[in-house]
Amino acid sequence: MGTPERIWAEADLPARRLAGLALNPAVPPEVLLRLLADAPLAVRMVLCRDRDLPAPVVDAVVAHPDPRTRGFFAVNPHVDPAQRARLVDDADWRVRCHLTEGPRTPLPHRPRPLPDDTVVHMISTYDDEEPLGSTGFWQQMSWELIEAMPAHPVARVRSWGVGRWESLSAQRRAALLADPDDEVREQARDMVRGQDPAWVETMLPARPCHARTDILVNRPLSRAVVAGVLAAPAREGERATIALNPGLPADAVVLLAGDADPKVRERIAGRADLRPPERRALAADPDPAVRRAVARHPDLGPGERGALATDPDPEVRLAVSVHPAFSEDERARIDYRVPLDGEFGFHPAPRVPRDPAGVRRDALSGHPMLRRRAAREHTLPADLVARLAEDDDPGVRVLLAQHHPDAPPALLLRSFLEYTGRDRDRLPHHPRFPRAGLARLAGHADPPVRALVARDPDTEPAVAERLTRDPDAGVRAALARHPNLPAARLAELLADPELAHAAAANPALDPRTVDRLVRTLGRDPW
């Protein structure tokens, strides 16, 4: 089976026209059913994967004889997941695999979850043919099911719940250790062993990998492991990795002081208010990455905070400047610099909301990094939304636009105009993103900004036509779908190999043209 990219690359001009019809919001269900029955694979791929579908079309897709067609529907992010769940017992293992993998949604984004009973059925009945361990399958689980897994009546589901060991109560851990199912009990015992530094030492991979990093950051480490990391790290930066470990034993921490910068050590050695020598050693480590890691520890003493606040490395000073033990006055005296060119992408709402008083304190702080933290809160109250929408820090404004359902329309547009980093393309899909007045951006230097003109219902026909000849392919495709595009230009674009797909998706396409395209399988639009 060819990849979706190859299927599309091999689609000819008639198929691309029909694929555009498959996305056209003005095309009735009867036409979609014709395309599903008669059109080539590339068209069925677009129809089943790239849009929401009316109920009669969903019924026809689920019953379609071609497993590839059903497989495309199994990963559709636009339809109700309960509709995709109808494929849970599909006769073809490839369709079940596609359902398991789900829509292509990179972390931290998550597709809408499958119904809980569907996920339980998959865990209970699928075997090694279906990749249940994939990230895509986890992303399709509801949080309610994930939290209920450790006590679920189905043993195979409980075995998945053991993975939440760190967050489980002592009572729940004891129940899993005494579980009637052998596999669940053994997994629980593995978790207990995972708290033993000597056992962890035997499980540490020798080569760099995700498992090694996870152990060095999160697991209890023996002195021998730490000594090995210091003597022969598997890769650069592992000193900083173990410095992040909150349970690093005191006698092991001392090892990190052996080659500390004597100037830094001398600078802090005379401070009477410093904590024990283990912590001082980390604070004086010659690697600034280690000192940055130490700066994040919540239990730093005032002497250690003071030393790190005057560290020669600006990133160390920035890291410690947001320490919760500092007052606003103390924070203001630190010489930190907040970078303005960061990635201000989307983060899902936390399962446990932050304390509202802490959020308000951050929002009113003089430190931009703390205000940025507040701006990521999905439930920020209206008065703080209004305040942060006018913040002088671009990161605060963009993060507010990315996360808050009531972000002001003007802020959403301003953020799109000023920010070019990760998740910028999400902003125009915000329900409050403005549409009126975007035609004024037709001459903007940035192509994605010019493409916004396609969202303005009042864009002049001449402007829409001009932008279908724009130097940028994305702008051309966006304006080829504008309903104000002159009919003559729309007809021209149906013959353009590059833009025929977008032109056929234009809701202003004449119904007679739609009918001819369907009757001739895309070969004759005139």
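Not measured: the values here are computed from a predicted model. (Residues numbered from 1 in each chain as written. Predicted model: local features only at pLDDT ≥ 70, side-chain atom pairs only at ≥ 80, totals over all residues. Heavy atoms only, no water.)

### A few points about the packing of helix 28 (residues 382-389) against helix 29 (residues 394-403)
Defined as follows: Each axis is a line fitted through C-alpha atoms, taken for helices only over the stretch in contact, and angles between the N-to-C directions span 0 to 180 degrees. Counting from the N terminus, the helices are the DSSP runs of H or I reaching at least four residues and the strands are the DSSP runs of E reaching at least two. By the definition adopted for this analysis, an angle is roughly parallel if under 35 degrees, roughly antiparallel if over 145, roughly perpendicular if from 65 to 115, and oblique otherwise. Residue contacts are defined here by distance: any two heavy atoms, one from each residue, within 4.5 Å place the two residues in contact. Each residue gets one label: Ala, Val, Leu, Ile, Met, Phe, Trp, Tyr, Cys and Pro are nonpolar, Asp, Glu, Lys and Arg are charged, and the others, such as Gly, are polar.
In contact at an axis separation of 9 Å, helix 28 and helix 29 are set at 135 degrees when each is read in the N-to-C sense. Classified by the angle between their axes, helix 28 and helix 29 sit oblique to one another. Across the interface between the two elements, Val-385, Leu-388 and Ala-389 from helix 28 touch Val-396, Arg-397 and Leu-400 from helix 29. Along the lines of polarity and charge, the residues of the contact of helix 28 with helix 29 split into 5 nonpolar, no polar and 1 charged.

### Observations regarding the layout of surface pockets
Rolled over the atoms, a probe with the dimensions of a water molecule shows which regions are left empty. In plain terms, the rule: For each structure, a 1 Å grid was placed over the protein atoms alone; sets of points admitting a 1.4 Å probe that cannot get out are labelled cavities, open sets with protein on both sides within 12 Å along at least five of seven lines are labelled pockets, and lining residues have an atom within 4 Å of a point. Grid points are joined across faces, edges and corners, and a volume is the space filled by probe spheres set on the points.
The space that makes up the largest pocket amounts to roughly 1,600 Å³. Leu-23, Asp-50, His-78, His-429 and Arg-481 are, among the 50 residues lining the largest pocket, the residues nearest its centre. Breaking the lining of the largest pocket down by element, the ones donating at least two residues are helix 6 (67-74), helix 7 (81-84), helix 8 (93-101), helix 31 (447-451), helix 33 (473-480) and helix 35 (500-504). Class assignment of the residues belonging to the lining of the largest pocket gives a composition of 24 nonpolar, 12 polar and 14 charged. Taken as a whole, the second largest pocket encloses approximately 630 Å³ of empty space. Lining the second largest pocket are 23 residues, and of these Met-369, Arg-372, Arg-373, Arg-376 and Leu-399 lie nearest its centre. Among the secondary structure elements, those contributing two or more residues to the lining of the second largest pocket are helix 24 (314-321) and helix 27 (368-375). Its residues assigned to classes, the lining of the second largest pocket shows 10 nonpolar, 4 polar and 9 charged.

### Brief notes about helix 4 (residues 41-49)
Structural remark: α-helix, 3.6 residues per turn; residues separated by three or four positions point the same way. Condition: Partly exposed residues are those whose accessible area sits between 20% and 50% of the maximum for their type, while under 20% is buried and over 50% is exposed, using a 1.4 Å probe and protein chains only.
Buried residues dominate helix 4, accounting for 8 of its 9 residues. Among all positions of helix 4, only Leu-41, Ala-42, Val-43, Arg-44, Met-45, Val-46, Leu-47 and Cys-48 are buried. Packed against the buried residues of helix 4 are helix 1 (4-9), helix 2 (13-23), helix 3 (29-38), helix 5 (55-62) and helix 6.

### Notes on unusual backbone geometry
You will see that Asp-423, though not glycine, has its phi angle at about 70 degrees, which is positive. Summarising the element assignment, Asp-423 is placed in the loop between helix 30 (409-418) and helix 31. The class of Asp-423 is buried, set by a relative accessible area of 12%. Residues other than glycine seldom take positive phi values, yet Leu-521 does so here, at roughly 55 degrees. Assignment of secondary structure puts Leu-521 in the segment after helix 36 (511-519). On the basis of relative accessible area, Leu-521 is assigned to the partly exposed category, the value being 32%.

### Details of helix 29
The criterion, for reference: By the criterion applied in these results, polar contacts are pairs of N or O atoms within 3.5 Å in which, for protein atoms, one can donate a hydrogen and the other can accept it, and in which residues neighboring in sequence qualify only through two side-chain atoms.
Counting buried positions along helix 29 gives 9 out of 10 residues, so the element sits mostly inside the fold. If you check which residues of helix 29 are buried, you get Gly-395, Val-396, Arg-397, Val-398, Leu-399, Leu-400, Ala-401, Gln-402 and His-403. Buried-residue contacts for helix 29 involve helix 27, helix 28 and helix 30. At the N-terminal boundary of helix 29, the capping side chain belongs to Asp-393, with an oxygen 3.0 Å from the backbone nitrogen of Gly-395.

### Re the pattern of salt bridges
A pair can form between side chains of opposite charge whenever their charged atoms are brought close. Convention followed: Should a side-chain nitrogen of Lys or Arg be within 4 Å of a carboxyl oxygen of Asp or Glu, the pair is scored as a salt bridge.
Scanning the model with the defined rule gives 38 salt bridges in all. The partner of Arg-104 in a salt bridge is Glu-5, and the shortest N-O contact between them spans 3.4 Å. Placement of the pair is Arg-104 in the loop between helix 8 and helix 9 (116-125) and Glu-5 in helix 1, with a sequence separation of 99 residues. Overall, Arg-104 belongs to the exposed group, its relative accessible area being 70%. On the basis of relative accessibility, which here comes to 49%, the residue Glu-5 falls in the partly exposed class. The residue Arg-450 makes a salt bridge to Asp-470 at a minimum N-O spacing of 2.8 Å. Residue Arg-450 is located in helix 31, and its partner Asp-470 is located in the loop between helix 32 (461-467) and helix 33; the two are separated by 20 residues in the primary sequence. Assigned by exposure class, Arg-450 and Asp-470 land together as buried. Because the salt bridges share partners, they merge into one network encompassing Glu-465, Arg-469, Arg-489 and Glu-492.

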